[in-house]
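An overview of the molecular structure
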Amino acid sequence: MTTLGIMQPYFFPYLGYYQLILATDRWIVFDVVKYGKKSWMNRNRILHPNGGWQYVSVPVHADHDTPIGAVEMVDAPAAERRILGQIEHYRGKAPFFHTVRDLVAESFATTKSNRLRDLNIRSLAVVCDHLGIRFDWSICSEMALDLPAIDHAGQWALEISDAVGAERYVNPPGGRPIFSPQDWKDRGIDLRFLEPQPMIYDCPPYGPVENLSILDVLMWNDAETVAGHLRNTVTLAD
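Now for a description of the structure that goes with this document.

What counts as what
- Residues numbered from 1 in each chain as written.
- Predicted model: local features only at pLDDT ≥ 70, side-chain atom pairs only at ≥ 80, totals over all residues.
- Heavy atoms only, no water.
- Helix = DSSP H or I, 4+ residues; strand = E, 2+ residues; numbered from the N terminus.
- Buried < 20%, exposed > 50% of the residue type's maximum accessible area, 1.4 Å probe, protein only.
- Contact = heavy atoms within 4.5 Å.
- Pairing = 2+ DSSP bridges.
- Patch = residues over 30% accessible without salt bridge, like charges linked within 9 Å, V, L, I, M, F, W, Y side chains within 5 Å.
- Areas by Shrake-Rupley, 256 points an atom, 1.4 Å probe, with all protein chains shown as cover.
- Salt bridge = Lys/Arg side-chain N within 4 Å of Asp/Glu carboxyl O.
- Core = buried A, V, L, I, M, F, W, Y, C linked by side-chain atoms within 4.5 Å.
- Polar contact = N/O pair within 3.5 Å; in protein donor to acceptor, adjacent residues only side chain to side chain.
- Axes fitted to C-alpha atoms, helices over the stretch in contact; angles between N-to-C directions.
- Parallel < 35°, antiparallel > 145°, perpendicular 65-115°, else oblique.

Looking only at helices and strands, the chain features eight helices and ten strands. Dimensions of the chain, computed from the C-alpha atoms along their principal axes, are close to 55 × 40 × 25 Å. Going through the 238 residues of the chain one by one, you find that 50% of them count as buried. Counting contacts in the chain only where the partners sit at least 6 residues apart, residues at least 24 apart contribute 65% of the total.

Here it is as structure tokens:
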């Protein structure tokens, strides 16, 4: 059974995003709709040195009509330097600080364009490779799919899944309200929702904060531990 996942390209997303990748055979980077400002596409959260959390972000050029795939970074090298500076407070505390620093640097260094989408794809690929997770991705805007007119948000995933011949589609649980299960049954596609399981870990001297960026998870846990959690907690529901 070919299981498909479709998501906007997020910036070093939280652990549940990687659980979704692990639960699928094929991934489509959804970049054809309008970019949403103040979204998870150009920012995420890490621990703040004084407690709580802070954003790490990449400033972008975008207005309300810009498609996700066309959004460009303002100054990628400056963003990289700022983010590397923001994670410095982990040094000497988090056991895998140097590993995470290298993952950030590699993601920026291997991005071959100035598009935010491409940086986010590279960061996902770099982290998946670190975790030993298969990441078989395609970019929606480059697939030349013959899709009908889209009437509502939930129709995108249905039409794309049908067009590529997916037998199962998996979505995060928050998307339930936009889908009509009967529509999927009529197409013969098994619609499932991932039930993400949190990963609890110590991060002394800081207090734990839920659903931070994968950067924080990997600061305190080795790749084998994180990958094991992902593989042991993938739960799909109707």
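We now examine the pairing of strand E3 (residues 43–47). Within E3, five of the five residues are buried, which leaves the element mostly enclosed by the surrounding structure. For E3 and strand E4 (residues 53–57), the ladder comprises five bridges, and the chain directions are antiparallel. Each bridged residue has a counterpart across the sheet, and for Ile46 the counterpart in E4 is Gln54. Linking two consecutive strands that pair antiparallel, namely E3 and E4, is a turn of five residues; a positive phi of about 110 degrees is found at Gly51 within it.

The next subject is a nonpolar patch on the surface. A contiguous nonpolar patch, built from Trp40, Trp53 and Tyr55 and spanning about 290 Å² of accessible area, is present on the exposed surface. Assignment of secondary structure puts Tyr55 in strand E4. Under the relative-accessibility criterion, Tyr55 is labelled partly exposed at 32%.

Moving on: helix H5 (residues 155–164). Within H5 the residues assigned to the buried category are Gln155, Ala157, Leu158, Glu159, Ile160 and Ser161. Against strand E1 (3–7), strand E2 (26–29), strand E8 (168–171) and helix H6 (181–187) lie the buried residues of H5.

What follows deals with the nonpolar core. Counting 78 residues, the largest nonpolar core has Tyr18, Ile21, Val58, Tyr90, Tyr169 and Trp220 as its most contacted members. The element that contributes the greatest number of residues to this core is helix H4 (residues 116–131), accounting for nine residues. Ignoring anything within four residues of it in the chain, the contact list for Trp220 reads Leu47, Tyr90, Lys93, Ala94, Pro95, Phe96, Tyr201, Asp202, Cys203, Pro204 and Tyr206.

A few words on the sheet that holds E8. Read from one edge to the other, the open sheet built from six strands follows the order E7-E2-E1-E8-E9-E10, with strand pairing classed as mixed. In this open sheet, the two strands that pair with only one neighbour each are strand E7 (137–139) and strand E10 (236–237). Examined bridge by bridge, E2 and E7 share three bridges and lie parallel to one another. Residue Ile28 lies in a different strand from E7, and its bridge partner there is Ser138.

Along the chain, Ser107 falls in helix H3 (residues 97–109). Only 2.9 Å separates the side chain of Ser107 from the backbone oxygen of Leu103, close enough to count as a polar contact. Residues contacting Ser107, with those up to four places away along its chain left out, are Phe12, Leu119, Arg122, Ser123 and Val126.

The description of two helices packed together rests on the angle between their axes and the distance between the axes. The N-to-C vectors of helix H2 (residues 76–86) and H3 enclose an angle of 175 degrees; their axes lie 11 Å apart at closest approach. The angle between H2 and H3 places the two elements in the roughly antiparallel class. Taking contact as the criterion, the partners of Ala76, Ala79, Glu80, Ile83 and Leu84 in H2 are, on H3, Arg101, Val104, Ala105 and Phe108.

In this chain, Pro204 is followed by Pro205 through a cis amide linkage whose omega measures 10 degrees. Tracing the backbone shows Pro205 in the loop between strand E9 (190–194) and helix H7 (214–220). One non-glycine residue, Lys38, lies in the positive phi region at around 55 degrees. With respect to the helices and strands, the residue Lys38 is situated in the loop between E2 and E3.

Our focus in this paragraph is the environment of Leu47. Within the secondary structure, Leu47 is located in strand E3. With 159 residues separating them along the chain, Leu47 and Tyr206 place their C-alpha atoms 7.9 Å apart. Those residues in contact with Leu47 that lie beyond four places of it in its chain are Gly52, Trp53, Gln54, His89, Tyr90, Cys203, Tyr206, Gly207, Val209, Leu212, Asp216 and Trp220.

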